[in-house]
Amino acid sequence: MKSEGKQKGMVGVYAKQLLLLYIITGVLLLILSFVLYKWDLNKDQLQIGIYIVYVLVNFLGGWLIGKKYRTRRFVWGAISGVCYFLILFFVSIVLNQGIQMNLPGILWALAACILGGMAGGMLS
């Protein structure tokens, strides 16, 4: 019985955290779009900026989840990054009516999310 309550609590913690992370992502992407408008960045620079946003947001997510769960913090951070990526990936598929990105781009985004989350968890 205790295990079920703990699992429900973990899902709630992750859900709240992911909502916060997506709000922060939206703000950072708005800032990035302003930078794009102001300095006329090319496609490669924009892609690097997006990956930086992924790493920063997942670092924050890993840090927050690491503070919550004091053991195996890097694992919790990596799980946070995977959850963030999966939601981002599936929403992107639904909105774009299919996969619009090539496999290396998808893998880079996944790696940025996982590594950012792990780093945040380790430093929490």
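In this report, the structure presented in the accompanying data block is examined. Quick caveat, the model's predicted, so the values are computed rather than measured.

## A few points about the packing of helix α3 (residues 73–96) against helix α4 (residues 103–123)
The geometry of α3 relative to α4 is characterised by a closest axis approach of 7 Å and an angle of 150° between their N-to-C directions. α3 and α4 meet at a crossing whose hand is right-handed. Taking contact as the criterion, the partners of R73, F74, G77, A78, G81, V82, Y84, F85 and F89 in α3 are, on α4, I106, A109, L110, C113, I114, G117, M118, G121 and M122. When grouped by side-chain class, the residues that make up the contact of α3 with α4 number 13 nonpolar, four polar and one charged.

## Observations regarding the packing of helix α2 (residues 43–68) against α4
α4 packs onto α2 with a crossing angle of 35° between their chain directions and a minimal axis gap of 6 Å. Two packed elements cross with a definite hand, and for α2 against α4 that hand is right-handed. Of the residues in α4, those touching α2 at Y51, Y54, V55, N58, F59, G62 and W63 are G105, W108, A109, A112, C113, G116, G117, A119, G120, G121 and L123. Considering only residue class, the contact of α2 with α4 consists of eleven nonpolar, seven polar and no charged.

## Describing α2
Spanning 26 residues, α2 covers 38 Å between terminal C-alpha atoms, matching the ideal 38 Å at 1.5 Å per step. Among the residues of α2, those classed as buried are G49, I50, Y51, V53, Y54, V57, N58, G61, G62, I65 and G66. Its side-chain oxygen at 3.1 Å from the backbone nitrogen of D44, N42 defines the N-terminal cap of α2.

## A look at the packing of aromatic side chains
Per the stated rule, a full pass over the model turns up seven aromatic pairs. Residues F89 and F90 carry aromatic rings whose centres are separated by 5.5 Å and whose planes lie at 70° to one another, so their mutual orientation is edge-to-face. Looking at F89, the relative accessible area reads 21%, which means it is partly exposed. In this structure an aromatic cluster arises from ring pairing among Y22, Y51, Y54 and Y84.

## Let's talk about α3
Along its 24 residues, α3 runs 34 Å from first to last C-alpha, staying within 8% of the 34 Å computed at 1.5 Å per residue. All of the buried residues in α3 are W76, G77, A78, S80, G81, Y84 and F85. At the C-terminal side of α3, Q97 shows a positive phi close to 55°.

## Here we look at unusual backbone geometry
Although it is not a glycine, R72 adopts a positive phi angle of roughly 50°. Following the sequence through the fold, R72 ends up in the loop between α2 and α3. Residues other than glycine seldom take positive phi values, yet Q97 does so here, at roughly 55°. Along the chain, Q97 turns up in the loop between α3 and α4.

## A closer look at the nonpolar core
Counting residues in each nonpolar core, the largest one holds 14 residues, and the members touching the most others are L21, Y54, V57, Y84, F85, A109 and C113. Sorting the residues of this core by element identifies α1 (2–39), α2, α3 and α4 as the ones contributing at least two each. In this structure, M10, Y14, I65 and W76 belong to the second largest nonpolar core, which totals five residues.

Rules used throughout
- Residues numbered from 1 in each chain as written.
- Predicted model: local features only at pLDDT ≥ 70, side-chain atom pairs only at ≥ 80, totals over all residues.
- Heavy atoms only, no water.
- Axes fitted to C-alpha atoms, helices over the stretch in contact; angles between N-to-C directions.
- Helix = DSSP H or I, 4+ residues; strand = E, 2+ residues; numbered from the N terminus.
- Left-handed = near helix turned anticlockwise from the far one by under 90°.
- Contact = heavy atoms within 4.5 Å.
- Nonpolar A, V, L, I, M, F, W, Y, C, P; charged D, E, K, R; others polar.
- Expected span 1.5 Å × (residues − 1).
- Buried < 20%, exposed > 50% of the residue type's maximum accessible area, 1.4 Å probe, protein only.
- Polar contact = N/O pair within 3.5 Å; in protein donor to acceptor, adjacent residues only side chain to side chain.
- Phe/Tyr/Trp six-rings, centres within 6.5 Å; stacked < 30°, edge-to-face > 60°.
- Core = buried A, V, L, I, M, F, W, Y, C linked by side-chain atoms within 4.5 Å.

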